[in-house]
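For reference, the chains in residue letters:
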Amino acid sequence: SELTVEWRGWPKGWALTGLLLCQGMHPETQRQLEAKLKEDEYTCAAFCKELPYHVWNTCPLCLCGLLPVLVVCFSAICRLDYATNVTDIGAQIINKMGLSYTVYYTAGCWPQTSLLPPSDLQRLETPVQHCDEARFEIAAGEYDALSGSLLRVRNVTDLHARRIVAVKVTPDWRFVTFIGSLATNDLGNLYAIDAQEEQAKEAVPLLTAVHLKALNAQCQLHSKSVIAAKQAASTADGTLEEDTAAVLTGFRQLQVIIPDVPPLEFGGDFTSLPVPEQGSSLPYRAAFSIVCKQPEQEGAAPVEFSKIAVLDFRIRGMNINHPTQPGRSFAWAESALRLVDTQPNPPRGANDFAKEAVKRFQSQSCPRFVPSKEGSELIYVAEDVAPAKKSPIKSVWNEPTVLPSRLVAQVQLPSSDNRRLGNSEPAIIDDGDGADDSSGKEEALIASAAKALTADSQILDIGQDGLPLAPVSGCPEFVSDLYKHSQSLSQTVNDDLFKSPAQKAADLASEAQYRDTFVALSDPSSNSVLDVDAQVLSASLPSSSITGEVMGVRLLYNVQSTQGTGDVQRLMIAGCKPIRAAGRQGHMRMQYALETVMETLKLGFVKNKYTAWLACLTADQRVAIVESPKQEHWINMSMPFPVWTGKANQPIWCPREHQESCFEVWSNPNPNE
């Protein structure tokens, strides 16, 4: 370039500086570098002479690429919070730089918690009103990734929903899906809405009337075997279970993927996505659990269990306006429902008592798609419908025979002629609808609206070389960024220059075998580890067929309990899940920049161990970005509604039973904006 020619007129000082840099290297390093350069007949001296020109010509590119790193360093050194009182334009700039997170969450208050008294409300700096316990919305808040300061917030919906219990964003960041109840007598439905919407007054229902009736029939059909298992277990206690059939009471634990393509968070990119038809979305696949429960009866505890459902859907008519109401969307959903009927096999090495106990694991919840299988395989939590209170063997010297009440299992979805995506009018099903259907009618209802998939599943190994002998709390979640700590800049350059192709291929193969890695939280009621209330663990699934094997079980964090919101003991972190991003290429730009700076400057809290950046719910109802077990290293984000006070009697927006699905954290920027 002309700029290069101009600089070539006086290179001596710069060339001398570059030569001194080369001469300052360790002799062995200099020899390796020169040997590498001589492969292309390019000497170290020539490299040092050319260095100033390349630096000058690429300076603007370097500054743009390193800008997030420079902001991180400047903010840390000067102890400045650049996100305070930021303008909307400033928030957009921070968003595009990848220095912020977007948190989608269920904005509302749950009735089991007391509201703040008027005296406390008056002392708050920000005026706050009592939150309406019967009004829920989906909100999206953008937060500075360094300090957790709120940059801006918007309501995605304006539905005045009676309940919203789960929110998930599609992997391409195009739609927000959620589970909600919009009317008083509504059990709930799955809905979808454009992720860029603000104050949307309607959402697209994904389940139709016949789907809801089929799900209700599924509850009734399986309630007989569940009640029989509980009756057999309760006979010894002198109590008998009511034989009234269970009915559908709700949905929970939602996950959404794009099937049959590499997941965007796990190595895929937007170029691998199919091109949708005009006015239509990509095909999506949702997995969720349905909640089945007996009607309340005086003097008897109702039987409750869960079953897994898989829904393929596509949004149509996005380019069509409503014929009678201009400006209103005419979008609808085409969907096909599949119901998964599975009975888990006992873990490998189980004794006869454990094999007998597995027959009671007839409840399935927390379905999560295995990333490498692209929608054809799930892990889930198998639940004992009648947990044993003690081992049938009294001697403490015998091996444990009481299985934990919640264990992780794996199932492959049988190949089927997928039901044709179709559309019919959605409807609301009342709480008691269909409770007296006969078995024949139940099977007919299921067959008319869904495909029943019967499959064996396998409980993952527990004990030595497996998961701990402790029940799982919440839902396991797959992560894409389990790693040893990020390398320093010098280590990265050294690997790029001197690692052979065979070594690089071996490193990639080693990473690939841990592609299907999930994290799980052990139950705090377990006594498997002394002086620890719970543990965040990671484990990987082998790429082979399902055998129950798990690899690389590692401890990430020990978790303690504390006095949390509602004046009850809560884990300091729970509901942990990965930070998501639309595409692996720009995935966690902030995470990589921050860790590279910390390792290069040798800051103290980067450890030589496997870890993962997770988004967790704290005991005081904030969302924390957790990379270290030390609380002072967390990035805490307070949801703008209800207003966070830090007091034990503040309103709860995410109750314990929904903590795995009431929020989701995305790393900016959004490629669709």
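In this report, we go over the structure that sits alongside the text. (Residues numbered from 1 in each chain as written. Predicted model: local features only at pLDDT ≥ 70, side-chain atom pairs only at ≥ 80, totals over all residues. Heavy atoms only, no water.)

Turning next to helix α8 (residues 209-234). Compared with the 38 Å implied by 1.5 Å per residue over 26 residues, the 37 Å span of α8 between its first and last C-alpha is a close match. At Ser223, α8 shows its largest bend, some 35 degrees. (Helix = DSSP H or I, 4+ residues; strand = E, 2+ residues; numbered from the N terminus. Expected span 1.5 Å × (residues − 1). Bend = angle between axes of the 7 residues up to and from the residue.)

Okay, the sheet that holds strand β6 (residues 189-194) next. Across the sheet, 4 strands lie side by side as β4-β5-β6-β7; this open sheet has antiparallel pairing. The open sheet terminates on both sides in strands that have one partner only, identified here as β4 (163-169) and β7 (204-205). As judged from the 6 bridges shared by strand β5 (residues 175-181) and β6, these two strands associate in the antiparallel manner. When the bridges of β6 are listed, Phe175 appears paired with Asp194. (Pairing = 2+ DSSP bridges.)

What follows concerns the state of the cysteines. One pass over the structure, following the stated rule, counts 4 disulfides. Two residues, Cys576 and Cys616, share a disulfide whose sulfurs are 2.1 Å apart. An S-S torsion of about 115 degrees defines the bridge between Cys576 and Cys616 as right-handed. In this pair, Cys576 sits in strand β22 (residues 573-578) while Cys616 sits in strand β23 (residues 614-618), placing the two residues 40 residues apart along the sequence. Here the two residues Cys576 and Cys616 agree in accessibility, since each one is buried. (Disulfide = S-S within 2.5 Å. Buried < 20%, exposed > 50% of the residue type's maximum accessible area, 1.4 Å probe, protein only.)

Strand pairing in a sheet relies on backbone hydrogen bonds. The paired strands run either parallel or antiparallel. Taken in spatial order, the 4 strands line up as β16-β17-β18-β19 in an open sheet, and their pairing is antiparallel. Two strands in the sheet have a free side with no partner beyond their single neighbour: β16 (472-479) and β19 (551-559). Adjacent strand axes in the sheet meet at a mean angle of 20 degrees when their direction is disregarded. Taken together, the 6 bridges between strand β18 (residues 534-540) and β19 define a ladder with antiparallel strand orientation. Directly across from Leu537, in β19, lies its bridge partner Leu555. (Axes fitted to C-alpha atoms, helices over the stretch in contact; angles between N-to-C directions.)

Looking now at the pattern of salt bridges. Scanning the entire structure with this criterion turns up 17 salt bridges. Measuring nitrogen to oxygen at the nearest pair gives 3.6 Å for the salt bridge that ties Asp158 to Arg135. Of this pair, Asp158 sits in the loop between β3 (150-155) and β4 while Arg135 sits in the loop between α7 (118-123) and β2 (137-144); the two residues are 23 residues apart in sequence, bridging distant segments of the chain. A relative accessible area of 16% places Asp158 in the buried class. Under the relative-accessibility criterion, Arg135 is labelled partly exposed at 35%. Its salt-bridge partner being Arg360, residue Asp384 comes within 3.1 Å of it at the nearest N-O pair. Taken together, the residues Asp384 in the loop between β13 (377-383) and β14 (406-412) and Arg360 in the loop between α9 (352-357) and β12 (363-369) connect sequence positions 24 residues apart. This pair shows no difference in class: Asp384 is buried, exactly as Arg360 is. (Salt bridge = Lys/Arg side-chain N within 4 Å of Asp/Glu carboxyl O.)

Taking burial as the measure, the 14 residues of strand β11 (residues 332-345) include 11 buried ones, the bulk of the element. Sheet topology places strand β10 (residues 304-316) next to β11; 9 bridges connect them, and they run antiparallel. Counterpart to Ile308 in the pairing with β11 is Val340.

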